[in-house]
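Residues per chain are reported as follows:
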Amino acid sequence: MLQSSDHAALILEAERLRPTSVATLLDQNSDRVSQLTISGAGLTLDASKQLIDGQALEALAASAAGADLAGAYERLVTGAEVNITEERAALHTLLRGTAQDALPALGEEVNATLSRMRAATEAIHSGDHVGASGQRFTDVINIGIGGSDLGPRMVCRALDDPSPKLKTHFISNVDPHDLDVVTRDLNPQTTLLVICSKTFTTEETLTNAQRARSWLIDGGVSENSIGQHVFAVTTNLTTAAEFGISEDACFPMWDWVGGRYSVWSAIGLVIALGFGWSTFASFLAGAKAMDEHTRAAKCTQNIPVMMALLELWNTRYLNTETHLVLPYSQRLEHLADFLQQLTMESNGKRVTLDGKAISEVTAPVLWGSAGTIGQHSYYQLLHQGNRRFSADIVLPLTNGDVNKDAHRKLASNALAQSRAFLIGRSAEESKALAADKGLPSKLAPHFEMPGNHPHNTLIMDSVNPQTVGALIAAYEHKTYFLSVLMGLNAFDQWGVELGKVIGKQIRATLETGEGLEELDLSSAALVKMWRLAND
């Protein structure tokens, strides 16, 4: 956790730099960009547009040392019990081969599961495993929710290919419209399901799984042949068997991997099925490369450490309220959705590891969308609103064999927004603009923009399996390091569990009308309204 002396030093540094503009810092130091640009595992982080200088950076580095981020990372990857409320390790890094020498038995389990996943994937692609009618599979539907959906969904969109091995689809919402729309144009005879539920009891997932099973049967797949069309990622082999899924078609979910960190496990089976085993292996390799960078690089040359320190700096000391992730790539359109869960479910906490209430803010609210869409939506608030924010602009340099003019325009928008966040528009420039428009000078303030919004630029050569793996791993480690600095448990989610408990109570009341007296007056009235509309 952040030491009190380091906290005090950072307060002083923030007060010193608060009146300063980043543009001035750039003008004053011709080496600033090179000094604040670091690379690793195929990614480059340009932090030169952050409100920091050499002195503030030293204070942040001292904070990292005081909180022993390097030691915390070693404890994470070697299996220490970092999830104290559930008494578990958090070994998502082991899934991509990191520190297997420290945990040989678990490493063997992981490798055995990967071998089974590969065999299953290649049997589907070769035609050795076909549907009940003897036809080869053309589509795969992943049925899960939360970490069993957001990670694979984001990766499959990022790796989109005009000629995939199988077309990938996702169902997560218990709203029946979700499944109905996804299955509308699919052929049950050539569709494979992957059901992701550790306990095989998750309400939304099991409801959708049962409806998908019925859809298969209605489409001509016999009950005895259901197993040919379904894989499961679960530890509940008994209930899976009752569903019609054999043990050979079930892949494990270990309790030392949290849902939001699980895309590297069998939860990522849909990625392999969609794009091939070599693609999934490259995805794991990219993440492992970021693990190795994180383990080896010094503090100020370490991408995830710097991302965590800068988020702490902006959130706690410069009082930014939200953090935006703005990928200038349509392939990464689901990145912010995935990172919302990773960041806010991990660090949206109100007590420290020893149970003491925290008076300062913890995780920032994270949001964003693919550029340039947001520019015609909420960027107005960013430029002229009065809420403070920080941002990551994610920019792939190349985009495959696409229209070069459109690709150039996309990049120009990314760089233009970065510069606009930096410089804004001054009072003098606004007066000149008003005059050019023939407007009185009293309207000039309407054109002013303060600028000086701290942000990173994250650069990769292209969106490919390795860089996507490295990008996700970088944000995972940033999230963990931030939890260490703030003294939080990044690996439980009791707020999510509360909603599940109350949900079961209310579902029973919606079904029977009984138990209204146990609810508050507002909830009871809403239950009555729903029952009246649906009876």
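Just so it is clear, the structure is predicted and the values come from calculations on it, not from any experiment.

Some words on the sheet that holds strand β6 (residues 230-233)
Here comes step 1: Taken together, the five strands give an open sheet; going across it, the order is β4-β3-β5-β6-β7, and neighbouring strands pair in parallel fashion. The open sheet has two free edges, formed respectively by β4 (167-171) and β7 (250-251), since each of these has just one partner strand.
Here comes step 2: Sheet analysis places strand β3 (residues 139-143) next to β4, joined by five bridges and oriented parallel. When the bridges of β4 are listed, V140 appears paired with T168.
Here comes step 3: Helix α8 (residues 176-183) contacts β3 and β4 of the sheet and is inclined by roughly 165° relative to β4.

Focus on the layout of surface pockets
Here comes step 1: Volume-wise, the largest pocket comes out at about 1200 Å³.
Here comes step 2: Together, 40 residues line the largest pocket, and T202, Q493, V496, E497 and K500 are the ones closest to its centre.
Here comes step 3: Residue assignment for the lining of the largest pocket shows that the elements contributing at least two residues are α9 (203-218), α14 (335-347) and α19 (494-512).
Here comes step 4: Ranked by the residues each element gives to the lining of the largest pocket, the list is headed by α19, at nine residues.

Digging into the domain arrangement of the chain
When the parts come together, some accessible area is lost, and that loss is often what is quoted as the size of the interface.
Here comes step 1: Examined at the domain level, the chain breaks down into domain 1 (4-78 + 297-492), domain 2 (92-281) and domain 3 (495-533).
Here comes step 2: The gap between the C-alpha centroids of domain 1 and domain 3 is 41 Å.

Quick look at the nonpolar core
Inside soluble globular proteins, nonpolar side chains tend to come together where they are buried.
Here comes step 1: Ranked by internal contacts, the top residues of the largest apolar core, which has 136 residues, are F231, I245, I271 and W313.
Here comes step 2: Ranked by residue count, the leading element in this core is helix α18 (residues 465-486), at 13 residues.
Here comes step 3: The residues that make up this core include at least three from each of domain 1 (4-78 + 297-492) and domain 2 (92-281).
Here comes step 4: Leave out the neighbours within four places in its chain, and I245 touches I195, F200, V230, A232, A240 and C250.
Here comes step 5: Listed in part, the 13 residues of the second largest apolar core include L326, Y328, L410 and A414.

Considerations on the pattern of salt bridges
Here comes step 1: Using the criterion set out here, one finds 23 salt bridges in the structure.
Here comes step 2: Here E497 ties to K500 by a salt bridge, and the two come within 3.8 Å at their closest N and O atoms. You can see E497 and its partner K500 sitting in helix α19, three residues apart, about one turn around the helix.
Here comes step 3: In this structure E497 comes out as partly exposed when scored by relative accessible area, which is 27%.
Here comes step 4: By relative accessible area, which is 44% here, K500 ends up partly exposed.
Here comes step 5: Here the salt bridges do not stand alone but share partners, grouping E13, R16 and D53 into one network.

Reading the values: the criteria
- Residues numbered from 1 in each chain as written.
- Predicted model: local features only at pLDDT ≥ 70, side-chain atom pairs only at ≥ 80, totals over all residues.
- Heavy atoms only, no water.
- Pairing = 2+ DSSP bridges.
- Helix = DSSP H or I, 4+ residues; strand = E, 2+ residues; numbered from the N terminus.
- Contact = heavy atoms within 4.5 Å.
- Axes fitted to C-alpha atoms, helices over the stretch in contact; angles between N-to-C directions.
- 1 Å grid on protein atoms, 1.4 Å probe; cavity = no way out; pocket = protein on both sides within 12 Å on 5 of 7 lines; lining within 4 Å.
- Points joined across faces, edges and corners; volume = space filled by probe spheres on them.
- Domains from an automatic or database assignment.
- Core = buried A, V, L, I, M, F, W, Y, C linked by side-chain atoms within 4.5 Å.
- Buried < 20%, exposed > 50% of the residue type's maximum accessible area, 1.4 Å probe, protein only.
- Salt bridge = Lys/Arg side-chain N within 4 Å of Asp/Glu carboxyl O.

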